[in-house]
2 protein chains.
Amino acid sequence: MENMVESREWYLAEYCPEGVPTSDHLKLRTVSRSLADDSIPDNHLAVETLLLSVDPYLRRTITGTIDGLYMPQHEINQVLKRVFAIVRVIRSKDSKYTEGDILLNGNGYVAEYSIVPSSDIMRKIDPANGISLSDYLGTLGVAGFAAWLGIEVIGDPKPGSHVFISAASGAVGMSAGQLAKIRGCRVIGSTGSDDKVNLIKEEFGYDDGFNYNAESDFDAALSKYFPDGIDVYLDNVGGKMLEAVLNHVNKYARIPLCGMISQYNQVWTEREGIRNLLNMVGKEVRMEGFMLDSYWDRFGDFAKDMEIYLQEGKIKSKNKINIGIDCFLESLNSLFSSSNIGKVVVQVKA
Amino acid sequence: MENMVESREWYLAEYCPEGVPTSDHLKLRTVSRSLADDSIPDNHLAVETLLLSVDPYLRRTITGTIDGLYMPQHEINQVLKRVFAIVRVIRSKDSKYTEGDILLNGNGYVAEYSIVPSSDIMRKIDPANGISLSDYLGTLGVAGFAAWLGIEVIGDPKPGSHVFISAASGAVGMSAGQLAKIRGCRVIGSTGSDDKVNLIKEEFGYDDGFNYNAESDFDAALSKYFPDGIDVYLDNVGGKMLEAVLNHVNKYARIPLCGMISQYNQVWTEREGIRNLLNMVGKEVRMEGFMLDSYWDRFGDFAKDMEIYLQEGKIKSKNKINIGIDCFLESLNSLFSSSNIGKVVVQVKA
């Protein structure tokens, strides 16, 4: 490896308070980076990025306002960071890691090459264990972890509970539905096309599902699919779907709020208002937001469970792999267009 | 006592889906009622009503639709019931009670005389113990119990927590604020007049308060009174105040939903939409509705705590006593007009 490399990276040129980010906001540039031994501090690693995780929360780090997810905002002209990434070690200044190791970085850069503190590494990956690298960003990454927290920790459905999951063919939804099925629940999902409805039933084992783009009346759809009401709703979308669900909740229903992707491109005053929260009183509903940052101490438990489920085929995954770091912006925006199935990742290097 | 009495009672003439109920909906009539021995089944009591508890939930039992609080609806032409009442025993067919006993009925009728199952009796009252009868309907009744559940069980603030209580001079708010103070919290209330702001500070020990009718911008008010954010919000009103609070919540804030009085006179599609629920995700807020019916097993714990607080002067109460069963409708509507302080009761008989 050369000591000096050309590294392409995405940086924030301008905040994007509303709408879909464009190449005015996020730009690609090439920088020269020294990977020489004396450029790497102790307990740091020089790494090359193999795969990048593309997740909705990133949208809320470039708005210039912190409301909603309350995430720190990226700085103008700085490379995008705080993404999950699969990296390969080029040079190591930490005895725990050696050149060629494949690692999961929980705090990576959207860049081809970077120097990172080894404390950001979540785990070492054995590429021979039968799990694809992209699954470490999806089912075994932030999305799978969010699904696991939503179902296992916060939603906590009982066997036979009626569970509803929005964005059911997305990165979180696909795992969440399967985890609820493992618990013995009846699981219904909503997703954005008839093909995706088939997929969540045939591939992910959902009991049924509906295409929210084909339903003009969510209330009617939920009446049909939940004649006995909803016990747990893992909300990934917010807005009108959440409002409709609140008309169908059972006594003591739980609503883990994983995120509200339908509301990420709006400033808060333009978001859809939920008019029927009073139902939470009568039905004694518990609604609870959660962020992964508060639960990293559970990541090991999650990874152990989920790795076994994957290897035993009890949980299946689908990943949308976009090739080349140049397609990062397009990949991010695809999250908001209902155009994907499963986990979206960018493959930076094979 | 005569065997036959004339008993005035309020009955439902017509459902009132929205707006304030009028004498078209609730009407007073006089019926003849036999209190003769053979009119009283075993384990029942003939009672005369001394005091009636006037509570907001009653509004949601005469709408003709169950959404919101999901309470059973009164039947047309039937006497209003399911209210807390202080009654005096006239004749008893239960050996636990005897003529002249003063009892708290948790399932009473809005009537001067009635025959009730003794299983509806919550407790026997000792009129000589220094607690006024009206306090058994307020601080020691449903309102105080709701306050206790909201603070002690669901909100669970820590010493030093920043607690906000809406409708702070109302029946629930007055007790809730004092319970939070006993826990060592900083407590701020909102209420409907400057006089009431003074009252909650001087009488109920709130650290501060504001008049929501004088604030055009709830967001600005909360910025002023909660520079360090809100840890627990006991929501009694819903609507715009709840939305404003969600812009000021701290990490892991809790929002017990006790009721939403600002929304009780609207059908759900006309209620104010809450646009910023996404803040619940970033701040990992837990919002939880509760109804007393799920917690009757805790009523004894509550009553024991609260009775001691009252007797020791650690919790003070104020009651608005309206005289005569004929003013029941007016008393109910007064709950929605911000015209009262403390607990509203109707004194039927001295």
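Residues numbered from 1 in each chain as written. Chains lettered and ligands numbered in written order. Predicted model: local features only at pLDDT ≥ 70, side-chain atom pairs only at ≥ 80, totals over all residues. Heavy atoms only, no water.

An unreviewed UniProt entry lists chain A under the name Phenylpropenal double-bond reductase, with Medicago truncatula as the source organism.

1. Some details on unusual backbone geometry
Residue and element names in this part refer to chain A. Despite not being glycine, Y70 shows a phi value in the positive range, around 50°. Mapped onto the fold, Y70 is located in the loop between β3 (44–53) and β4 (81–92). One non-glycine residue, S338, lies in positive phi territory at about 60°. By secondary structure assignment, the location of S338 is in the loop between α8 (328–334) and β15 (343–347). Residue S338 is classed as partly exposed on the basis of its relative accessible area of 29%. (Helix = DSSP H or I, 4+ residues; strand = E, 2+ residues; numbered from the N terminus. Buried < 20%, exposed > 50% of the residue type's maximum accessible area, 1.4 Å probe, protein only.)

2. Considerations on the relation of the copies chain A and chain B
The transform that puts chain A on chain B rotates by 180° and translates by 0.0 Å along the axis, for an RMSD of 0.0 Å. The transformation just described matches what one would write down for a two-fold rotation axis. Using C-alpha coordinates, one finds that chain A approaches the rotation axis most closely at G273 of chain A, a distance of 1.9 Å. Comparing interface residues between copies, 100% of those in chain A also lie at the interface in chain B; the contact surface is shared. (Least-squares fit on C-alpha atoms with pLDDT ≥ 70 in both. Contact = heavy atoms within 4.5 Å.)

3. Details of the interface of chain A and chain B
For interface size, the figure often reported is the accessible area lost on association. Taken together, the contacts link 41 residues of chain A with 41 residues of chain B. Taken together, the two surfaces of chain A and chain B that pack against each other cover about 3500 Å², and 61% of this comes from carbon and sulfur. Its largest share of buried area at the contact with chain B, chain A owes to W268, R275 and L278 of chain A, together 21% of the area lost on that side. Linking chain A with chain B are two salt bridges. With a closest N to O distance of 3.1 Å, R286 of chain B and E288 of chain A form a salt bridge. At the level of secondary structure, the elements contributing two or more residues to the side of chain A that touches chain B comprise α5 (239–246), β12 (249–257), α6 (278–282) and β13 (286–289) of chain A. For the side of chain A that touches chain B, the element with the highest residue contribution is α6 of chain A, accounting for five residues. When its residues are assigned to classes, the side of chain A that touches chain B shows 20 nonpolar, ten polar and eleven charged. Bridging between β13 of chain A and strand β13 (residues 286–289) of chain B involves three bridges; their strand directions are antiparallel. Counterpart to M287 of chain A in the pairing with β13 of chain B is M287 of chain B. (Buried area = accessible area lost by both parts, 1.4 Å probe. Salt bridge = Lys/Arg side-chain N within 4 Å of Asp/Glu carboxyl O. Nonpolar A, V, L, I, M, F, W, Y, C, P; charged D, E, K, R; others polar. Pairing = 2+ DSSP bridges.)

4. Notes on the domain arrangement of chain A
Residue and element names in this part refer to chain A. When the domains of chain A are assigned, the result is domain 1 (4–138 + 319–347) and domain 2 (142–293). For domain 1 versus domain 2, the distance between C-alpha centres works out to 29 Å. Taken together, the contacts link 25 residues of domain 1 with 20 residues of domain 2. Summing both sides of the interface, domain 1 and domain 2 together bury roughly 1800 Å²; the carbon and sulfur share of this comes to 59%. Put simply, domain 1 and domain 2 have one salt bridge between them. Of the charged contacts, one joins R271 and D67 as a salt bridge, the two residues approaching to 3.4 Å between their closest N and O atoms. (Domains from an automatic or database assignment.)

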